[in-house]
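Structural features, examined
Spelled out, the chains give:
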Amino acid sequence: MALALPATLSPSKVVSFRDCALSFRFSVIDRLPEPPSAAACKGTLVHKALEHLYARPAEDRTVDAALADLDRARVEVMQSGEYADLCLEDEAAFHASAETLVRRYFQLEDPRTIRPIGLELLLSTPLDEQGKVALRGIIDRLELDEAGDLVVTDYKTGKVPSERHEHGRLTGVHFYSYLCEKLFGRRPARIQLLYLSEPMAIIATPSEQSTRGLERKVGAIWSAIERACERDDFRPKPGVLCSWCAYKDYCPAFGGDPARAMELVTAS
Ligand code: SF4
């Protein structure tokens, strides 16, 4: 039986399907809950702190203000339902590490010089004229540079990718650039990933070629998702990501039974 298609396609869904179709199915089609992870929680905390920092007047965006914003984010995030079941092995080390990421952010740029025009900005546009699916993305920060051009910034709290994987990691910001171009009629002059752990910035300039490439890539992924839903055919693709996969117990590549996951969906 054909499965219902997802209504939206985001950068994370594109990457999820590309990396492993079965994991995509569990997460996006079946909506199996994923247990909260410390890494995701830390990322949420740091993003929230930087969002609060940029809500302040430019001259107030100091390290001390950012640390106060991290404290505020801790209250908001740690008490939210999403992370209520999170068990931290070493709570002090977890919070110290989040603070280190916020401090390192200041080694990458001076937030007093940034002119944000959107924070956690939700953008959405149809993939094509038929409007079968909406492309949707939330941009961490959209700003204007000195020349008045758009700049898309995405904060990253994980490890810096190897040179070999650098291009692939830019898919998300190219996707955001595409959304900006569609909705505002202007291609951003710069897209950047700010890796706070090193810290390191990976910067690219969107071009006609990269924009068309992104469009083709997303179109091809969507066609593959349509085919997979039509045939109910989502195959596992074992790889390095399996170590972190929340659905490993149900994965046939590891002796699991996907039907058990479906029982969970039916029961919930
Ligand atoms: S364990 Fe690996 S192959 Fe199996 S669903 Fe997860 S990512 Fe895919």
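What you see is a predicted model, and the numbers here were worked out from it, not measured in a lab.

Relative to the helices and strands, Arg 61 is located in the loop between helix H3 (38-54) and helix H4 (63-78). The charged side chain of Arg 61 is buried without a salt bridge, its nearest counter-charge being Glu 59 at 7.3 Å. From its side chain, Arg 61 meets the backbone oxygen of Arg 56 in a polar contact 3.2 Å long. Polar contacts involving the side chain of Arg 61 include one to the main-chain carbonyl oxygen of Pro 111, which spans 2.8 Å. Once residues within four sequence positions are removed from consideration, Arg 61 is found in contact with Leu 53, Tyr 54, Arg 56, Phe 106, Pro 111, Arg 112, Ile 114 and Pro 116.

The next subject is the domain arrangement of the protein. Here the domain parsing of the protein yields domain 1 (38-111) and domain 2 (115-218). Using only C-alpha atoms to locate each centre, domain 1 and domain 2 end up separated by 22 Å. If you look at the interface, domain 1 gives 14 residues, while domain 2 gives 16 residues. On the domain 1 side of the interface with domain 2, the three residues burying the most area are His 47, Tyr 54 and Leu 108, jointly 41% of the side's total. Linking domain 1 with domain 2 are 1 salt bridge. Taken together, the connections running from domain 1 to domain 2 amount to 6 residue pairs in polar contact (both at pLDDT 80 or more). Where the side of domain 1 that touches domain 2 is concerned, the elements lending two or more residues are H3 and helix H5 (91-108). Counting residues per element, the side of domain 1 that touches domain 2 draws most heavily on H3, which supplies 6 residues. Broken down by class, the residue content of the side of domain 1 that touches domain 2 amounts to 7 nonpolar, 3 polar and 4 charged.

With that settled, consider the packing of aromatic side chains. Centre distance and the angle of the planes are the two values used to describe a pair of aromatic rings. Under the criterion given, the structure shown has 7 aromatic pairs. Centre to centre, the rings of Phe 17 and Phe 24 are 5.2 Å apart; their planes meet at 85°, and the pair counts as edge-to-face. For the pair formed by Phe 17 and Phe 24, the shared burial category is buried. An angle of 20° between the planes, with centres 6.4 Å apart, marks the rings of Phe 24 and Phe 234 as stacked. Separated by 210 residues along the polypeptide, Phe 24 in helix H2 (residues 21-29) and Phe 234 in the loop between helix H8 (208-231) and helix H9 (258-267) bring together distant segments of the chain. Per residue, the accessibility class of Phe 24 equals that of Phe 234, and both read buried. Among the aromatic residues, those joined into a ring-pair cluster are Phe 17, Phe 24 and Phe 234. In this structure, Lys 248 packs its charged tip against the face of Phe 254, placed 4.8 Å from the ring centre.

On to the pairing of strand S3 (residues 134-144), then. Looking along a regular strand, one sees the side chains alternate between the two faces of the sheet. Among the 11 residues in S3, 8 count as buried, and that is most of the element. Two strands pair when backbone bridges link them, and strand S1 (residues 8-9) and S3 are joined in this way by 2 bridges, in the parallel orientation. When the bridges of S3 are listed, Leu 9 appears paired with Leu 135. In terms of strand pairing, strand S2 (residues 115-126) meets S3 through 10 bridges, oriented antiparallel. Opposite Arg 115, over in S3, you have Leu 144 as the bridge partner. Summarising the sheet, S3 and strand S4 (residues 150-156) pair through 4 bridges and their orientation is antiparallel. Following the sheet pairing, Leu 144 is matched in S4 by Leu 150. The hairpin turn running from S3 into S4, its antiparallel successor, is 5 residues long, and Gly 148 in that turn takes a positive phi close to 85°.

We now examine a nonpolar patch on the surface. On the surface, a cluster of nonpolar side chains totalling about 410 Å² of accessible area is made up of Val 240, Leu 241 and Trp 244. Tracing the chain through its elements places Trp 244 in the loop between H8 and H9. For Trp 244, a relative accessible area of 69% corresponds to the exposed category.

Conventions used here
- Residues numbered from 1 in each chain as written.
- Predicted model: local features only at pLDDT ≥ 70, side-chain atom pairs only at ≥ 80, totals over all residues.
- Heavy atoms only, no water.
- Helix = DSSP H or I, 4+ residues; strand = E, 2+ residues; numbered from the N terminus.
- Buried < 20%, exposed > 50% of the residue type's maximum accessible area, 1.4 Å probe, protein only.
- Lys, Arg positive; Asp, Glu negative; His and termini not counted.
- Salt bridge = Lys/Arg side-chain N within 4 Å of Asp/Glu carboxyl O.
- Polar contact = N/O pair within 3.5 Å; in protein donor to acceptor, adjacent residues only side chain to side chain.
- Contact = heavy atoms within 4.5 Å.
- Domains from an automatic or database assignment.
- Buried area = accessible area lost by both parts, 1.4 Å probe.
- Nonpolar A, V, L, I, M, F, W, Y, C, P; charged D, E, K, R; others polar.
- Phe/Tyr/Trp six-rings, centres within 6.5 Å; stacked < 30°, edge-to-face > 60°.
- Lys NZ or Arg CZ within 6 Å of the ring centre and 35° of its normal.
- Pairing = 2+ DSSP bridges.
- Patch = residues over 30% accessible without salt bridge, like charges linked within 9 Å, V, L, I, M, F, W, Y side chains within 5 Å.
- Areas by Shrake-Rupley, 256 points an atom, 1.4 Å probe, with all protein chains shown as cover.

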